[in-house]
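# Examining the three-dimensional arrangement
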Amino acid sequence: MGELLPLLIQGAWVTIQVTFFGSLLAIVAAILAALGRLSPWRALRWFSITYIEIFRGTSLLVQLFWLFFVLPLPPFNLELSSYTVAIVGLGLHIGAYGAEVMRGAISSVAKGQYEASTALNFSGYKRFRRIILPQALLAAIPPGTNLLIELLKNTSLVSLITLSDLSFRARQLDQATFQTVEIFSLALVMYFILAQAINFGMRSLERRLARGRMRGGLS
Amino acid sequence: MTLFDWTYAWQILPDLLRASLNTVGITLVGFLIAIVLGLFLAIARRSRQVWLSWPATGVIEFIRSTPLLIQVYFLYYVLPNYGVSMSAMQVGILGIGLHYACYIAEVYRGGLDAVPRAQWEAVTALNIAPYSAYRNIILPQALRPILPPLGNYLVAMLKDTPVLSAITVVEIMQQAKNIGSENFRYLEPITMVGLFFLALSIALAYLVRRLEARLELR
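All of the points below concern the structure found in this document. Keep in mind it's a predicted model, so treat the numbers as computed, not measured. (Residues numbered from 1 in each chain as written. Chains lettered and ligands numbered in written order. Predicted model: local features only at pLDDT ≥ 70, side-chain atom pairs only at ≥ 80, totals over all residues. Heavy atoms only, no water.)

### Considerations on helix H7 (residues 172-183) of chain B
All names here are of chain B.
- Under the 1.5 Å per step criterion, the end-to-end length of H7 is 17 Å for 12 residues, consistent within 8% with the ideal 16 Å.
- All of the buried residues in H7 are Ile172, Met173, Gln174, Gln175, Ala176, Ile179 and Gly180.
- Two or three places before Met173, at the opening of H7, Glu171 has a side-chain oxygen 3.0 Å from that residue's backbone nitrogen.
- Just beyond H7, the residue with positive phi is Phe184, at close to 55°. (Helix = DSSP H or I, 4+ residues; strand = E, 2+ residues; numbered from the N terminus. Expected span 1.5 Å × (residues − 1). Buried < 20%, exposed > 50% of the residue type's maximum accessible area, 1.4 Å probe, protein only. Polar contact = N/O pair within 3.5 Å; in protein donor to acceptor, adjacent residues only side chain to side chain.)

Printed below as a string of structure tokens:
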């Protein structure tokens, strides 16, 4: 078992990187798509709805294969590395789910907050950046945590587009050593630990962001 | 070369549709496993017997936070070592059913928790046997509000079936890949698979919304 662990950890490191960059992209995509969805311009609204529906409605593996197998061929001729495809595919996929979460979170911010910031003559950008977004992000954290864990679990699919993540390594080692039970059990446990780490991290982030807010006063 | 070769698309359509039957079949049988097993897991998790509730909690949390792909690999490559040999299709259905049973168990748990305490007390006071209590009193009340989330999991499950292509189950995605590698044209098959999932999930989501509206207590 000693010789298995280093290789699996190498794979887990790739998994962690893809999860991290994928989450960043997902968060940005989710905020932009949620804003587009709530925007007063019809074109922007329809664009966001199309993005959300396409990425939520088709399977993630289909999206990854599309980016990986279809884009390099004519008429697109756009060759992306499997690493890029993994991050872009996962980020946009989870971002579409996140957009619905963010939309709920943004509309859950009390109406008085909008009115107050208008009364204080904040610009639209400043109002969103300083008043609305901090409160919306806080409200989005619990459902967002589930999505991040979903993202982590979905990174296993990038092994099918030849990126050597934890799943890929596990499969490779299994073919080389036939220590099937040990390898896949270890891989499962590693994913479980990573998921718990996300859980823990997000919970402490929530506590930090909520500081001063729980102690009553104005809500 | 045209952007989307319609004659090619038309030509591969029958093969894709045949494989799509597998996708739908896997989803339906897997969902059946998931809703039955999920109920038992939920009841076990809520049990006051620690030897029952702890293992159930552990299994649910573990399966929910590890990827379906590895679970399916585990079943497919490990079980034969213990003399259990199943076809890839059977393993796939079992794997996806087991995975979603744990999600659905949490849905059931929410529904069961939402049944007013007085109902449980009344069941005890009237000395109704556990089976009959669940069957006639608790479940009818618990199930109604959770039907829409169950529908959402059906859609999610449908979209997870392509994962099974990794253990050589020939569902629609695997078929599209085979077709693509034979002709070296991936655009049409993969796009068509995408459209298949999009159409089916939008239709199912619409049905779920209709169901939700109909179940609304007035």
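### A word on the interface of chain A and chain B
- In this assembly, 37 residues from chain A lie in contact with 37 residues from chain B.
- Interface area, chain A with chain B, both sides summed: about 3200 Å², of which 76% is carbon and sulfur.
- Ranking the residues of chain A by area buried against chain B places Lys153, Phe184 and Leu188 of chain A at the top, with a combined share of 18%.
- Here chain A is connected to chain B by 0 salt bridges.
- Taken together, the links from chain A to chain B amount to 8 residue pairs in polar contact (both at pLDDT 80 or more).
- With 11 residues, helix H8 (residues 180-209) of chain A is the single largest residue contributor to the side of chain A that touches chain B.
- Tallied by class, residues from the side of chain A that touches chain B come to 22 nonpolar, 9 polar and 6 charged. (Contact = heavy atoms within 4.5 Å. Buried area = accessible area lost by both parts, 1.4 Å probe. Salt bridge = Lys/Arg side-chain N within 4 Å of Asp/Glu carboxyl O. Nonpolar A, V, L, I, M, F, W, Y, C, P; charged D, E, K, R; others polar.)

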